[in-house]
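Structure at a glance
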Amino acid sequence: MQTLRASKCGLSTAQLPSYILDVIDALNKAGYEAYIVGGGVRDLMLGLNPKDFDAVTNATPAQVKEVFGRRCRIIGRRFELAHVYSGRELVEVATFRAPPKKAVTSAAGMILRDNNWGSIEQDFARRDFSINAMYYQPRKGIVLDFCNAVDDIHSKTLRLLGDPTLRFEEDPVRMLRTLRFAAKLNFNIDEAILDVFTPEMTQLLRDVSPHRLYDESQKLFTMGHLNRVLPMLIDFGIWQQLFADIKPEITPFMERAAKNTDQRISIGKTINPAFFYAVLLWQPFLERCEFYLNKGVLDVLKRQATRTIIPRFAETFIREVWEMQTRLLNPKPQQIEALSSHARFRAGFDFLLLREKSGDATAQGMGSWWDAYQQMSGDEKERAISQYNRQRAKSRRKASQEEHLEQKLTQQQDLTEIEPLVNEPEPRNRRVRKAKFEDKVKPLSHVAASASGEIGADHPIMKRKRVKRDLSQVVFGPTQ
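Summarised in this report is the structure supplied together with it. (Residues numbered from 1 in each chain as written. Predicted model: local features only at pLDDT ≥ 70, side-chain atom pairs only at ≥ 80, totals over all residues. Heavy atoms only, no water.)

**Things to note about the pattern of salt bridges**
Side-chain pairing between opposite charges can occur once the charged atoms of the two side chains come close. To be explicit about the condition: Put simply, a salt bridge is a Lys or Arg side-chain nitrogen that is within 4 Å of an Asp or Glu carboxyl oxygen. Working definition: with a 1.4 Å probe on protein chains only, accessible area under 20% of the residue-type maximum means buried, over 50% means exposed, and in between means partly exposed. Here a strand is any run of E in DSSP of at least two residues, a helix any run of H or I of at least four, and the numbering for each starts at the N terminus.
In total, this model carries 19 salt bridges according to the counting rule given. Across the pair R42 and D43 runs a salt bridge whose closest N-O atoms are separated by 3.1 Å. Judged by its relative accessible area of 3%, R42 falls in the buried class. Residue D43 is classed as buried on the basis of its relative accessible area, which comes to 4%. We note a salt bridge from R177 to D128, for which the minimum N-O separation is 2.9 Å. Placement of R177 in helix α7 (residues 173-185) and of D128 in the loop between α4 (120-126) and β7 (134-137) is noted, with a sequence separation of 49 residues between them. Both residues of the pair, R177 and D128, belong to the buried class. Each of the salt bridges in this network shares a partner with another, and the network as a whole consists of R42, D43 and K184.

Here it is, written out as structure tokens:
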């Protein structure tokens, strides 16, 4: 272990938000050790803006609860933690871990319970990557480095602590974290990790809870480097373990959506993580709709739930985005204004515009139309709706005419395809043709007579045998 001065590592309390200092000071005041650990320290040393800060202490979760009272909530069963609220911010406070006295693992070696408290030296050994194992005490101005993590940061190397095979077996999600950190930080993956990172090893992800895999997938989508990590998911065999029906290939639609997501994050715009799931599952949804019609949505989402369970609110969002596609492609003129103020209009419009820009011909240019419509004034919108209505009526007439013409051509084609049963040559002599015609017409003479209302002598009814009745035996009128 080496103790480094925080100033030499580029760290100072001025970089820290008040809420993390509040948590560290409260634990120190109560007589406990407390450090900032993990990604917050790593990002500050790399000159990045940390998304959040985590703390670690020698106080147990119950003791942390005593310090913060109602501001603290204990969560987790496999890995017990304390969530401490400081104003609107949430700080995750973990207790120093020690190796379990009796390992509680699955058949594949995954740790099922890890709640053995220990010292800071033991806690360091339990962490996954060296760059996440630096302990920063802001009030003392020191950084504790147990594994020369500073050197890994300078060389931009992602290295696991301990045997990579064992660490992946203990927690298969570390494979996802490896790719996430490599893409986010643009670090090189250590050769020892690459040697064991095989498609067979990725099969261990099937033992992880689908709820946890969904949470990890959201971190991939929202880290700001989605376009960089997508090819890595395919190359390392992770794609098939995360997505049920999605082919391991990046379509132009996925690539454009990933770039758009990264751009929105880079400029500070909010994103809905479920939006990219709507993009990923769009093609399987269309394919399923061809077979199951309205059941396509539920079928695709249910099949995906076997890998990553999408929460109910996210499923609702995805369904509404997909349903908006039909409404935006062919809106009724009188409903355009109301549609533009729909709660899911923005998400549906973004989805449609991405489809159009990625080369999807079925978008019919409506993404650009809606984009221009939103920039118009009130009078311009009315004119645009009127023009759209005329164009829509014209397109319908044209489609109707084309359909009528197609039916007519089909009928003519059917008639020309009919061939005579007997292909006899036509006689040249006029008298022979006339006699032949009369022979054809003669058997139908009684039918023609019936059609005209006249009965000829050769009609079958005239050939019936008539029986003369004795009318003297017939009684007319009422009888008893």
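**As for the packing of aromatic side chains**
Each pair of aromatic rings is reported with the distance of its centres and the angle of its planes. Cut-off, in case you're wondering: Two rings from Phe, Tyr or Trp (for Trp, the six-membered ring) form a pair when their centres sit within 6.5 Å of each other. Planes less than 30 degrees apart are called stacked, planes more than 60 degrees apart edge-to-face, and all others tilted. Note on geometry: a ring has a charge over it if NZ (lysine) or CZ (arginine) is within 6 Å of the ring centre and within 35 degrees of the ring normal.
Under the counting rule described, the total for this entry stands at 23 aromatic pairs. The structure contains a cluster of three or more aromatic residues connected by ring pairs, namely Y214, F221, W239, F243, F276 and Y277. The ring of F181 has R180 sitting right over it, with the charged end atom 5.1 Å from the ring centre. Residue placement shows K381 over the ring face of Y373; its charged tip is 5.1 Å from the ring centre.

**Topic: the side chain of T57**
Our working rule: We call two residues in contact whenever any of their non-hydrogen atoms come within 4.5 Å of each other.
With respect to the helices, strands and loops of the structure, T57 is situated in strand β3 (residues 54-57). For T57, a relative accessible area of 0% translates into the label buried. With residues up to four places along the chain from it excluded, the contact list for T57 reads L27, Y32, E33, A34, V64, V93, A94, T95 and F96.

**Examining the sheet that holds strand β8 (residues 142-145)**
We count it as follows: For two strands to be treated as a pair, DSSP must find at least two bridges joining them. Think of each axis as a best-fit line through the C-alpha atoms, taken over the contacting stretch in the case of a helix, with angles from 0 to 180 degrees between the N-to-C directions.
Pairing within the open sheet is mixed, and its eight strands lie in the order β1-β8-β7-β2-β3-β6-β5-β4. Two strands in the sheet have a free side with no partner beyond their single neighbour: β1 (2-5) and β4 (72-75). Averaged over all pairs of adjacent strands, the angle between strand axes in this sheet comes to 30°, irrespective of strand direction. By the bridge criterion, four bridges tie β7 to β8 in an arrangement that is antiparallel.

**Things to note about helix α11 (residues 226-235)**
L226, V229, L230, M232 and L233 are the residues of α11 that are buried. Along its buried surface, α11 packs onto α7, α10 (210-222), α12 (239-242), α13 (252-266) and α14 (273-280). Trailing α11 by a residue or two, G237 shows a phi angle of about 75°, which is positive.

**Re a negative patch on the surface**
For clarity, the cut-off: Like-charged residues within 9 Å of one another, or nonpolar side chains (Val, Leu, Ile, Met, Phe, Trp, Tyr) within 5 Å, are grouped into patches, provided each residue has over 30% relative accessible area and no salt bridge. For every accessible area listed, the method is Shrake-Rupley and the probe measures 1.4 Å; residues are considered covered only by the protein chains on display. All tallies of charge rest on Lys and Arg as positive and Asp and Glu as negative; His and the ends of each chain are not included. Charged side chains are reduced to one point each, which is NZ for Lys, CZ for Arg, CG for Asp and CD for Glu.
Taken together, the side chains of E337, D379, E380 and E382 define an acidic patch exposed on the protein surface. Ranked by residues supplied to the negative patch, first place goes to helix α21 (residues 378-417) with three residues. Inspection of the secondary structure assignment puts E382 in helix α21.

**Description of the packing of helix α1 (residues 18-29) against helix α3 (residues 61-68)**
Convention followed: What sets the label is the angle itself: under 35 degrees gives roughly parallel, over 145 gives roughly antiparallel, 65 to 115 gives roughly perpendicular, and the rest give oblique. Any residue outside Ala, Val, Leu, Ile, Met, Phe, Trp, Tyr, Cys, Pro, Asp, Glu, Lys and Arg is labelled polar, Gly included; the first ten of those are nonpolar and the last four are charged.
Packing of α1 against α3 brings their axes to within 10 Å, and their N-to-C directions diverge by 105°. In terms of orientation, α1 lies roughly perpendicular with respect to α3. Mapping the contact onto sequence places V23, A26 and L27 in α1 and V64, V67 and F68 in α3. Looking at the contact of α1 with α3 residue by residue, the class counts come to six nonpolar, no polar and no charged.

**Some details on the nonpolar core**
Soluble globular proteins tend to pack their nonpolar side chains together in the buried interior. In plain terms, the rule: Among buried residues, those of type Ala, Val, Leu, Ile, Met, Phe, Trp, Tyr and Cys that are joined through side-chain atoms within 4.5 Å constitute a nonpolar core.
Counting 107 residues, the largest nonpolar core has Y135 and I238 as its most contacted members. Sort the elements by how many residues they give to this core and α7 lands first, with eight residues. Grouped together as the second largest cluster of nonpolar side chains are 15 residues, L329, L339, L353 and W370 included.

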